[in-house]
Structure formats: C-alpha cells, structure tokens
Amino acid sequence: RGKVAALSESAMYHTSKDDSRAYTLMSIDAATGAGEYLAYLKNDDSLRDVVIDKITVGGDLTQFVKLATVTGTPTGTSITPRNLSIQQTGRSADVTAYGNAAVGALTEALLLGGVRSAAGGSAVLYEGSSLRMVKDDAIGVEIDIHAGGHSFVEIIFHFEKAAA
C-alpha cells in the first residue's frame, strides 16, 4: 500500500523560491513623533500586485501605530526593500518606498488597523496575505501616539500576478 503525504507552504515561500520576488522593507527612525509616518510603500508594478504578508512595529517607548491607505506625494528619505532570496539581491522591487525618518505630505485615505506596542517591545500590526495593492495603491504606517525615541517598522511583502 502506497503512502501519500502533502506539504503546504505559503505563497510567499513559493514566490521567494521560484520567482525571487519576496521582500522586506525596514524603517528605523531615531526621533519619531506623534502624527508622523514612519514608512510608505507604493506599488509601481502594472503586471503584479503587492501582497503584504506581515507588518511588525516597535520602539523604545510605548506607542500606538496605525496602518492606512494614503494619498499624496511623499517627502523624506527614499529607502530600498531587500530581496529575501539572498542570491537574488539584484532583483529590485518595483515599488516606491520612504522611511528611516519622518515621511511627509501624506493624507490618510482609509484606516486599515492599529496596534499598541509596549516600551522596548514589538507588536504585529498586520499579518495575513489578504492585503493586496494594485498599481498605484499606497500604504503608510503612522505613529499615532508616541512620546519620542526610536521606532521601527518592518513590512514583509511579495509580488503576485495581477488579478484579471
């Protein structure tokens, strides 16, 4: 009698392994204040959707952080997401990303969620694979309530063929 086994892996795993299109975006700000955006991510790819897998936030002090769709032309420091396929670090993500300092000139369009992180700790702001961004969709991570100090956000995402 034969034996059959099945192994289930995430879409991000297969995207990273087969297509080298899984990325992490890390933003660290030494002087984040309340009402400032810590990170911005916009999909520039017309053939693929950006799928957000996980967003983690944290900092020196207790803070409340919001995730929202945003509009506007960001100002600040442009940052480059890192490919999670270490051997494919030359394959860049077709996105616009800002962080590592306050990101300005953004307006919240639709609040998607929020989370509180304790001093010296971290919290998951989003986890799943249902947040999809088509071309020109943008999200921002905003520090809503915060007394200062270092803050960070890590956005893990991958690309999938755009829905028809």
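Treat the numbers as computed from the prediction; the structure is a model and nothing was measured.

## A short note on the overall build of the protein
The helix and strand inventory of the protein stands at one helix and ten strands. Taken from N to C terminus, the helices and strands of the protein fall in the order α-β-β-β-β-β-β-β-β-β-β. Within the protein, the proportion of its 164 residues that are buried is 43%. For the protein, contacts bridging at least 24 residues in sequence account for 89% of all contacts bridging at least 6. For the protein, the exposed surface amounts to about 8500 Å²; the carbon and sulfur share of it is 51%.

## What to know about the pairing of strand β9 (residues 138-146)
Counted residue by residue, β9 has seven buried out of nine residues, so it is predominantly covered. Where strand β4 (residues 63-71) meets β9, seven bridges bridge the pair, whose relative direction is antiparallel. Bridge pairing in β9 places Val65 opposite Ile143.

## Focus on the confidence of the model for the protein
Confidence in the prediction of the protein, expressed as mean pLDDT, is 88, and 87% of residues score 70 or more. Summarising per-element confidence for the protein, the mean pLDDT is lowest in helix α1 (residues 11-19) (49) and highest in strand β7 (residues 107-117) (97).

## Topic: the sheet that holds strand β2 (residues 36-43)
A sheet is described by the order of its strands in space; here five strands give the open sequence β6-β2-β9-β4-β7, paired in antiparallel fashion. Both outer strands of the open sheet, β6 (95-103) and β7, are each paired with one neighbouring strand and no more. If you compare each strand with its neighbour and ignore which way they point, the axes differ by 15° on average. Pairing between β2 and β6: six bridges, direction antiparallel. Within β6, the residue paired with Lys42 across the bridge is Thr96.

## Looking at the sheet that holds strand β5 (residues 82-83)
Spatial ordering of the open sheet is given by β5-β1-β10-β3-β8, a layout of five strands whose pairing is antiparallel. Among the strands making up the open sheet, the edge pair consists of β5 and β8 (122-133). Bridge analysis of strand β3 (residues 48-59) against β8 gives eight bridges, and the strand direction is antiparallel. In the strand pairing of β8, Val51 is matched with Arg132.

## A closer look at the pattern of salt bridges
The final tally for this structure, using the stated rule, is ten salt bridges. One salt bridge connects Lys42 with Asp44, and the closest N-O pair in it is separated by 3.6 Å. Here Lys42 falls in the partly exposed class, since its relative accessible area comes to 21%. The salt bridge partner of Asp136 is Lys135, with a shortest N-O separation of 3.6 Å. Look at the salt bridges and you will find they share partners, linking Lys42, Asp44, Lys135 and Asp136 into a network.

## Remarks on the environment of His158
Structurally, the position occupied by His158 is in strand β10 (residues 151-161). On the basis of relative accessible area, His158 is assigned to the buried category, the value being 0%. Each C-alpha atom, one on His158 and one on Ser129, is 9.4 Å from the other, the two residues being 29 residues apart in sequence. Reaching out from His158, the side chain makes a polar contact with the side chain of Glu160 at a distance of 2.9 Å.

## Digging into unusual backbone geometry
Although it is not a glycine, Ala105 adopts a positive phi angle of roughly 65°. Inspection of the secondary structure puts Ala105 in the loop between β6 and β7.

What counts and what doesn't
- Residues numbered from 1 in each chain as written.
- Predicted model: local features only at pLDDT ≥ 70, side-chain atom pairs only at ≥ 80, totals over all residues.
- Heavy atoms only, no water.
- Helix = DSSP H or I, 4+ residues; strand = E, 2+ residues; numbered from the N terminus.
- Buried < 20%, exposed > 50% of the residue type's maximum accessible area, 1.4 Å probe, protein only.
- Contact = heavy atoms within 4.5 Å.
- Areas by Shrake-Rupley, 256 points an atom, 1.4 Å probe, with all protein chains shown as cover.
- Pairing = 2+ DSSP bridges.
- pLDDT = per-residue confidence, 0-100.
- Axes fitted to C-alpha atoms, helices over the stretch in contact; angles between N-to-C directions.
- Salt bridge = Lys/Arg side-chain N within 4 Å of Asp/Glu carboxyl O.
- Polar contact = N/O pair within 3.5 Å; in protein donor to acceptor, adjacent residues only side chain to side chain.

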